[in-house]
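Per-entry structural report
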Amino acid sequence: MELRAVRGRPVITVDSGERLGEIQDVYIDPQQRRIALLRIRRTSGDINDVAFEDVHSIGADAVMLPSRDILRLAGDHSQTLLDIDELVRLRVVTEQGEARGTVDDAEFDPASGALTAFVISPPGIGGLLGRRQSVPIDQVRTIGRDTVVLTVPLAEETRSEEQGPAVSAEPQ
């Protein structure tokens, strides 16, 4: 499921069937690589937060909470968490300093909240044309406040002018 698709989704309680409001934002813990909390804009106009572990389920049409009792006052999470808008503006580079584009979205497991991939818009004309590529989360080394750093898997064989013939990257 894509992260940005959750924004605007209705929030309903399982115990009473009450529609509390809708998802205003999603906050990611970059260290844990998972959704930390959901921010809810209540039908009353109030803003509340819900820890992801307290969510009953996230479905295609609604976010389900066990009850309204798990709502807490919205707090300032800007020092430790990234919201959707902060996440989708991050530049993406490799460990070797090669630009790969910008984060356009993230995919996550709706049961656990774990990020499974970043959706990246490449730099240049490819990004302007809407071409996107999915990068598995295990290829992400760092999720920073300014940049996402990707690992680059070693090729099976590497060649250098100083080394001469191809050398296997795997131990013999």
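Residues numbered from 1 in each chain as written. Predicted model: local features only at pLDDT ≥ 70, side-chain atom pairs only at ≥ 80, totals over all residues. Heavy atoms only, no water.

In this section: the overall build of the protein chain. Within the protein chain, the secondary structure is distributed over 2 helices and 16 strands. When the accessible area of the protein chain is evaluated, it comes to approximately 9,700 Å², of which 46% is carbon and sulfur surface. (Helix = DSSP H or I, 4+ residues; strand = E, 2+ residues; numbered from the N terminus. Areas by Shrake-Rupley, 256 points an atom, 1.4 Å probe, with all protein chains shown as cover.)

This part is about the pairing of strand β4 (residues 47–51). Of all 5 residues that make up β4, 4 are buried, and the element is covered over most of its length. Looking at chain direction, strand β3 (residues 34–42) and β4 are connected through 5 bridges and run antiparallel. The residue of β4 that forms the bridge with I40 is N48. Connecting β3 to the antiparallel partner β4 that follows it, the hairpin turn spans 4 residues, and G45 within it adopts a positive phi of roughly 100 degrees. Where β4 lies against strand β7 (residues 72–73), 2 bridges are found, and the strand directions are antiparallel. Pairing of N48 across the sheet is with L73, part of β7. (Buried < 20%, exposed > 50% of the residue type's maximum accessible area, 1.4 Å probe, protein only. Pairing = 2+ DSSP bridges.)

This paragraph deals with the pattern of salt bridges. Tallied over the full model, the rule gives 12 salt bridges. Notably, a salt bridge pairs D25 with R7, separated by 3.2 Å at the nearest N-O pair. Of the two residues, D25 sits in strand β2 (residues 19–29) while R7 sits in the segment before β1 (10–13), which places them 18 residues apart along the sequence. Judged by its relative accessible area of 9%, D25 is buried. In this structure R7 comes out as partly exposed when scored by relative accessible area, which is 33%. Close ionic contact of R39 with D49 constitutes a salt bridge, the shortest N to O distance being 2.7 Å. Pair noted here: R39 is in strand β3 and D49 is in strand β4, with a separation of 10 residues, a long-range link. For D49, a relative accessible area of 0% corresponds to the buried category. Here the residues in one salt-bridge network are E2, D104 and R132, joined through shared partners. (Salt bridge = Lys/Arg side-chain N within 4 Å of Asp/Glu carboxyl O.)

A few words on the nonpolar core. For soluble globular proteins, the rule of thumb is that nonpolar side chains tend to be buried together. In terms of nonpolar packing, the biggest core is built from 35 residues, with L3, V26, V63, L65, L87, F118 and V148 touching the most fellow members. The set of elements that each furnish at least two residues to this core consists of β2, β3, β6 (63–65), α1 (84–87), β10 (99–108), β11 (115–121), β13 (140–143) and β14 (147–150). Here this core gets 4 residues from one element, more than from any other, and that element is β2. Excluding residues within four positions of it along the chain, V63 makes contact with V6, R9, P10, V11, I12, I23, L38, V55, S57 and I58. (Core = buried A, V, L, I, M, F, W, Y, C linked by side-chain atoms within 4.5 Å. Contact = heavy atoms within 4.5 Å.)

Here the focus is the environment of H56. With respect to the helices, strands and loops of the structure, H56 is situated in the loop between β4 and β5 (57–58). Separated by 44 residues in sequence, H56 and I12 place their C-alpha atoms 10.0 Å apart. In contact with H56, other than residues within four places in its own chain, are V14, M64, L65 and P66.

Next up on the list: the environment of I84. Tracing the chain through its elements places I84 in helix α1. For the pair I84 and R4, spaced 80 residues apart in the sequence, the C-alpha separation amounts to 7.0 Å. Once residues lying within four places of it in the same chain are set aside, the contact partners of I84 are L3, R4, R7, D25 and V26.

Further remarks concern the confidence of the model for the protein chain. Of all residues in the protein chain, 84% have pLDDT values of 70 or greater, and the mean over the chain is 87. For the stretch residues 154–172, pLDDT sits under 50, and the model shows 11 contacts to residues farther than four places along the chain or on other chains. (pLDDT = per-residue confidence, 0-100.)

Moving on, we come to the sheet that holds strand β12 (residues 133–136). Strands sit in the order β12-β11-β10-β9-β14-β13 across an open sheet of 6 strands; the sheet is mixed. One side of each edge strand has no neighbouring strand; the edge strands of this open sheet are β12 and β13. When strand polarity is set aside, the average angle formed by the axes of neighbouring strands in this sheet is 35 degrees. Bridge count for β13 against β14 is 3 bridges, and the pairing is antiparallel. What sits directly across from T142, in β14, is V149. (Axes fitted to C-alpha atoms, helices over the stretch in contact; angles between N-to-C directions.)

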